Amino acid sequence: MMDKKMRLLLRNCSSALSVICLLLAVVFLVKFVADEAKQNVQAELPVEVAHRVLFISSYNPLYFTYDAQSRGLAKSLYPKGIEYDVVYMDAKSHSSRQDVLDFHDYLKKRLEKRGEYEALLVADDEALHFVLEYQNELFPKLPVVFFGINDYELAELAAENPYMTGFFENDYLKETMELAMKLFPERKTFVALHDRSAAGEADIEIFWSFHEKCPNYKFDNLDVTTLSQSELVALLGDLPKDSILFYMTCYSDKDGKIYSMLSRTGTVVRTVDVPIFRNYVGGEGEGVLGGVYMDFEDQCTMVGETLASVLTGADISALPFVEQTPSRCAFDYNLMKKYGLDFSLLPEDTVLYNQPETFLHHYGKILPSAILIALALLFLVLFAQFGSSVAKSILRDLQASHDQLERSQEQLRYNAEYDEVLDIYNRRTITDWFRENMAPADVYSVVIIDIDGFKTLNENYGHSMADSILQYLVALLKGMSEEGGWQLARYGGDEFLLIIPNEVLTMDSETLKLIMSGIRAPIPLGDETLAVTASMGVSCSDGITTPEQHIINAEGAMYEAKERGKNGVVIYGDEMKAKAREELVIKEKLQRAFDNDGFYMLYQPQIDAQSKQVSGYEALVRMKEPGIYPGQFIPVAERSGWIWRIGRITTELVIKQLAAWRDAGQNLHPVSVNFSSNQLNDHGYIEFVEELLKKYDIPPHYLEIEITEGLFLEKSALADEIFKRFKELGIRLLMDDFGTGYSSLGYLTYIPVDVIKLDKSLVDTYLVDGKDSFIKNIIHLMHDLDKDMIIEGVEEQWQFERLREFGADTIQGYYFSKPIPADEAIVFTVA
């Protein structure tokens, strides 16, 4: 009797569920029809034009970002009755100072004819430079909204102008490189393809910053502005099989020819047989595997909305400078399949190009109705055939599946938010938490900690032991964080980020002392102990700076701590801000110097110790701009990736001077020029030197190259090849700053150096009574190795006399002469 009632109940339930499924199916079908109808609604008619603005574009309409920018502006301006005219600087093809002056004259006449505009839209760096320079003359008190700016200091400077606000162009190369490393962990060679535009300079600086963080990877770059089209094709075709190409902005060549994005993409895709990543829009579905890039259309939609608010009465000086705008992650489905990549490694919102249309995609809108109808039939059949025991079994299985799904989701959530080795927040999670939980008005401090010499720990103790050391330190920091209510995350390989609320840290803060003393405490390793140190950077809330910028500031302060000798703390403050502004000023003056012959050379005589006759010179570069010294502009050029340009300028000035001396009937002596490690990436430098020597008919032995000790010891294939080619040309190599960084002398037997320059620091330290035998022994050792020796930094007569007694070959220093102009150097004699 009970069994019969149960069956009746189950039949009634199955009938009710069938009806419910059918009703839901009808609901979904009605919604589907309504959605289809919405797509056929006609667009609204345009409104009457109420405002006219001027749009100054740095480039031309064919530039790869222009279409997206136009769509975004049209989306937000036209519905509000705002019309814009466009003028193009075409800076990719016309970038000289004269071109800028010609554009100024053209625009001035245009403004006189067309009448006044109510506001100004400015796209990309070159246009913003122009507007800042001519604001008072051409656009007095005109509101300006800028966007697409790659140079952060430039954008920040413009944002301080009371008539300007705008949007920074976020560079997502870092995210693209991190994604490439995740997708291709076995590929250890990264190659950057770039030019020398503002975007290209920003990209290559980020690219090389990864070199320090990824010691197991090999980094190289191809600068298209130093290559012809045929040279580029040859180099691209010869990329290592284990490499990844990062295709950045690169639309010109060394001959000044400009290429469209479509043309350049075609060349790269046809030539390269390795994965291609790109951090800019363009190339999707055409052979580029994928990447993360800024959504130009979304940014320009926000730009238009900002401009509309200004035209309707908003105070532009009160509008914030926007540093973060939306990004897009896009990949080619077919190439993902070709390389056998795991789609789950991509971000959830990734756009897939060339993806075949699936059954679900094609029928997805009506699939819910079909499934519900099928379920209705299934319930009718299922419950009619099986009894209560089967139903219970199904319910148990469903519950088990639900529990397993929840556990899987929890694990995925954990993997996305935490570092699995150290069980603390990862970089992305802490950044999101910071942005969501801390307002500018809150009081807090951001601390970034980097373990000093962690690479050496990895090499000496192995990765497993290094991970154990990190886990020990994390346990220490976790205890402090839980007690103090801090947030802790792993920011990088051996870097940690702390967010300390309700406290503005100073150098005397007990919190900083607690963290530093904890890290410095000996770490037990079995029967031994290990002492480590850390460099820390701190950025404190000020009511203005965004959370993201605080992290950047703290990281910059951490690197400053490392530059100051490590094992210390630097707090980001006015001094570092001033340093950043000073660097921006120096960069602008460097750019003017590059365009306007702004460099000259001084020559410091090198004196034969025995005959006291001039035997050569060291050439030292100076800027014509008063008050800017080598100690200021050389480091900026190194960090900005411009040292290769200075290297070429100094080389050409020296060779020209040698020719001028010869033509004036003077006796020539060898002249040495300095070669930076960053010039290794100037792949055309050797050919450049060879062409100059032939052009001015200067024998190669009159040009010498000074290279620092560390570069000889890197033993990279690229450095060895360059040294070899210098020797083949007949150019002597000098080791500069010998003795400043290495204790072993054994390497002197195999490095390709002809002359050793003893650093002034060793002269000051050891050329004293009781220690000078060390200098004497060094000189004799160099002679035994058949190498000449130049002693630098000689300032006193007794130093010279003692060094001559020891058998020194050549003396250089203020005792004989400071660096002097060329006309004085060539006639210099020792009194």
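Residues numbered from 1 in each chain as written. Predicted model: local features only at pLDDT ≥ 70, side-chain atom pairs only at ≥ 80, totals over all residues. Heavy atoms only, no water.

A.B. asks: Would you mind going over the overall build of the protein chain with me for this structure?
C.D. replies: Within the protein chain one finds 29 helices and 29 strands. In the protein chain, buried positions account for 47% of the 831 residues. Here the protein chain has roughly 41,000 Å² of accessible surface; of this, 53% comes from carbon and sulfur atoms. (Helix = DSSP H or I, 4+ residues; strand = E, 2+ residues; numbered from the N terminus. Buried < 20%, exposed > 50% of the residue type's maximum accessible area, 1.4 Å probe, protein only. Areas by Shrake-Rupley, 256 points an atom, 1.4 Å probe, with all protein chains shown as cover.)

A.B. asks: Got a minute to help me understand the sheet that holds strand β27 (residues 755–758) in this structure?
C.D. replies: Adjacent strands of a sheet pair through backbone hydrogen bonds, lying either parallel or antiparallel. As summarised here, the arrangement of the eight strands in space is β22-β23-β24-β25-β26-β27-β28-β29, forming a closed barrel in which the pairing is mixed. Docked against the sheet, helix α22 (residues 643–663) engages β22 (599–608), β23 (614–623), β24 (671–675) and β25 (703–708), running at close to 65 degrees with respect to β22. (Pairing = 2+ DSSP bridges. Contact = heavy atoms within 4.5 Å. Axes fitted to C-alpha atoms, helices over the stretch in contact; angles between N-to-C directions.)

A.B. asks: Would you mind showing me how to read the packing of aromatic side chains here?
C.D. replies: Within a pair of aromatic rings, the relevant descriptors are the distance that separates the centres and the angle that separates the planes. Counted under the stated rule, the structure contains 41 aromatic pairs. With a centroid separation of 6.0 Å and an interplanar angle of 35 degrees, the aromatic rings of F246 and F277 are classed as tilted. Residue F246 is located in strand β8 (residues 243–247), and its partner F277 is located in strand β9 (residues 276–278); the two are separated by 31 residues in the primary sequence. Like F246, the residue F277 is buried in the burial classification. (Phe/Tyr/Trp six-rings, centres within 6.5 Å; stacked < 30°, edge-to-face > 60°.)

A.B. asks: Whenever I open this one, the confidence of the model for the protein chain confuses me. Can you help?
C.D. replies: Caution applies to low-pLDDT parts of the model: their predicted coordinates are not meant to be read in detail. Averaged over every residue, the pLDDT of the protein chain is 87; residues scoring 70 or more account for 90%. Between residues 39–45, whose pLDDT stays under 50, and residues either more than four places distant or in other chains, the model counts one contact. (pLDDT = per-residue confidence, 0-100.)

A.B. asks: Even after reading the chapter, I still don't get the layout of surface pockets, so can you show me in this structure?
C.D. replies: In this approach a probe as big as a water molecule rolls over the atoms, and the regions it shows empty are the leftover space. In this structure, the second largest pocket occupies an estimated 760 Å³ of space. Lining the second largest pocket are 33 residues, with E618, A619, L620, N674 and D736 positioned closest to its centre. Among the elements of the structure, β22, β23, α21 (630–640), α22, β24, β25 and β26 (732–738) are those that each provide at least two residues to the lining of the second largest pocket. Looking at the lining of the second largest pocket, the element that brings in the most residues is β23, giving five residues. (1 Å grid on protein atoms, 1.4 Å probe; cavity = no way out; pocket = protein on both sides within 12 Å on 5 of 7 lines; lining within 4 Å. Points joined across faces, edges and corners; volume = space filled by probe spheres on them.)

A.B. asks: I keep staring at empty space enclosed by the protein and nothing clicks. Help me out?
C.D. replies: Summed over the entire model, instances satisfying the criterion amount to two cavities of 30 Å³ or more. A volume near 80 Å³ is recorded for the largest cavity. Looking at the largest cavity, it is lined by 15 residues, and the ones nearest its centre are E284, V288, G290, G291 and A330. Only β10 (290–294) and β11 (327–332) provide two or more residues apiece to the lining of the largest cavity. Within the lining of the largest cavity, the residues separate by chemical class into seven nonpolar, five polar and three charged. Roughly 60 Å³ of volume is contained in the second largest cavity. Surrounding the second largest cavity, Y59, Y63, F64, T65, D124, N150, E169, A199, T249, Y280 and F296 form its lining. Partitioned by chemical class, the residues of the lining of the second largest cavity number six nonpolar, three polar and two charged. (Nonpolar A, V, L, I, M, F, W, Y, C, P; charged D, E, K, R; others polar.)

A.B. asks: Looking at this model, I keep getting lost on the pairing of strand β2 (residues 82–88). Mind explaining?
C.D. replies: In regular strands, side chains alternate between the two faces of the sheet. Bridge count for strand β1 (residues 51–57) against β2 is seven bridges, and the pairing is parallel. Note on β2: the bridge partner recorded for R52 is E83.

A.B. asks: Would you take a moment to explain the nonpolar core for this structure?
C.D. replies: Generally speaking, soluble globular proteins have nonpolar side chains that are buried together. Residues L590, Y603 and I791 are the most contacted members of the largest nonpolar core, which totals 78 residues. No other element matches α22, which puts seven residues into this core. Not counting residues up to four positions away in its chain, the partners in contact with L590 are F599, M623, F633, V636, A637, W642 and I646. (Core = buried A, V, L, I, M, F, W, Y, C linked by side-chain atoms within 4.5 Å.)

A.B. asks: Quick question: what am I supposed to make of the side chain of D450 here?
C.D. replies: For D450, the location among the structural elements is in strand β15 (residues 444–451). Of note is the side chain of D450, whose polar atom sits 2.7 Å from the side chain of K562. The residues contacting D450, other than those within four sequence positions of it, are D494, E495, T533, A534, S535, M558 and K562. (Polar contact = N/O pair within 3.5 Å; in protein donor to acceptor, adjacent residues only side chain to side chain.)

A.B. asks: Just to check I follow, could you spell out the environment of L262 for this structure?
C.D. replies: With respect to the element layout, L262 can be found in helix α9 (residues 261–271). Measuring from C-alpha to C-alpha, the distance between L262 and F64 comes to 8.4 Å, with 198 residues separating the pair along the chain.

A.B. asks: Would you explain helix α23 (residues 685–695) in this entry?
C.D. replies: One full turn of an α-helix is made of 3.6 residues, so residues set three or four places apart face in the same direction. Listing the buried residues of α23 in full gives Y685, I686, F688, V689, L692 and L693. End-on view of α23: buried residues confined to an arc of 160 degrees, all on one side of the axis. Opposite the buried face of α23, at more than 90 degrees from it, the exposed residues are E691, K694 and K695. As for α23, its buried residues are in contact with α22, β24, β25 and α25 (717–729). Count one or two residues on from α23 and you reach D697, which has phi positive near 55 degrees. (Arc of directions from axis to C-beta.)

A.B. asks: Quick question: what am I supposed to make of the sheet that holds β2 here?
C.D. replies: Judged by pairing direction, the sheet is parallel, and its five strands sit side by side in the order β2-β1-β3-β4-β5 without closing on themselves. Lying at the two open borders of the sheet, with one neighbouring strand each, are β2 and β5 (164–168). Taking each pair of neighbouring strands and ignoring which way they run, the sheet shows an average axis angle of 20 degrees. Note: strand β4 (residues 144–149) against β5, four bridges, orientation parallel.

A.B. asks: Got a minute to help me understand the environment of H211 in this structure?
C.D. replies: As for its position among the elements, H211 is in helix α7 (residues 198–213). Through-space distance from the C-alpha of H211 to that of F190 is 9.5 Å; in sequence the pair is 21 residues apart. Excluding residues that lie within four positions of it along the chain, H211 makes contacts with Y217 and F219.

A.B. asks: Would you explain the pattern of salt bridges in this entry?
C.D. replies: Taken as a whole and judged by the stated rule, the model has 40 salt bridges. K589 is the salt-bridge partner of E625, the closest N and O atoms lying 3.5 Å from each other. Separated by 36 residues along the polypeptide, E625 in the loop between β23 and α21 and K589 in helix α20 (residues 574–595) bring together distant segments of the chain. For E625, a relative accessible area of 29% gives the class partly exposed. Each of E560, R564, E575 and K579 takes part in salt bridges that share partners, so that together they form one network. (Salt bridge = Lys/Arg side-chain N within 4 Å of Asp/Glu carboxyl O.)

A.B. asks: Explain the side chain of K787 to me, please; I cannot follow it from the model alone.
C.D. replies: One can find K787 in the loop between α27 (773–784) and β28 (788–791). Look at K787: it is buried, it has no salt bridge, and the nearest opposite charge is D754 at 6.6 Å. Among the polar contacts listed, one links the side chain of K787 to the backbone oxygen of V753, at a separation of 2.9 Å. (Lys, Arg positive; Asp, Glu negative; His and termini not counted.)

A.B. asks: Would you take a moment to explain the pairing of strand β16 (residues 487–490) for this structure?
C.D. replies: Relative to strand β17 (residues 495–501), β16 runs antiparallel, the two sharing four bridges. Paired with R490 across the two strands is F496, which belongs to β17.

A.B. asks: It is not clear to me how helix α10 (residues 296–311) should be interpreted in this structure. Could you clarify?
C.D. replies: With 16 residues, α10 extends 22 Å between its outermost C-alpha atoms, agreeing within 8% with the 22 Å of an ideal straight helix rising 1.5 Å per residue. Where burial is concerned, most of α10 is hidden: 12 out of the 16 residues are buried. Of the positions making up α10, those classed as buried are F296, E297, Q299, C300, T301, V303, G304, T306, L307, A308, V310 and L311. Where α10 begins, one side-chain oxygen reaches toward the backbone nitrogen of E297, 3.2 Å away; that side chain belongs to D295. One or two positions beyond α10, positive phi appears at G313, with a value near 120 degrees. (Expected span 1.5 Å × (residues − 1).)

A.B. asks: Quick question: what am I supposed to make of unusual backbone geometry here?
C.D. replies: Peptide bonds are trans in most cases, and residues, glycine excluded, mostly fall at negative phi. Not every positive phi belongs to a glycine, and N502 is a case in point at roughly 65 degrees. Structurally, N502 can be placed in the loop between β17 and α18 (510–520). Relative accessible area serves as the criterion here: at 70%, N502 is assigned to the exposed category. A positive phi is found at D786, a non-glycine position, where the angle reads about 60 degrees. You can see D786 is positioned in the loop between α27 and β28.

A.B. asks: I tried to follow a nonpolar patch on the surface on my own but got confused; where do I start?
C.D. replies: Taken together, the side chains of L17, I20 and L24 present a nonpolar region at the surface, about 230 Å² in accessible area. With respect to the secondary-structure elements, L17 resides in helix α1 (residues 2–38). (Patch = residues over 30% accessible without salt bridge, like charges linked within 9 Å, V, L, I, M, F, W, Y side chains within 5 Å.)

A.B. asks: Please explain the environment of P670 as it appears in this structure.
C.D. replies: Its place among the elements puts P670 in the loop between α22 and β24. Counting along the chain gives 55 residues from P670 to S615, while the straight-line C-alpha distance between them is 7.3 Å. Not counting chain neighbours up to four residues away, the residues in contact with P670 comprise S615, G616, Y617, H701, Y702 and E704.

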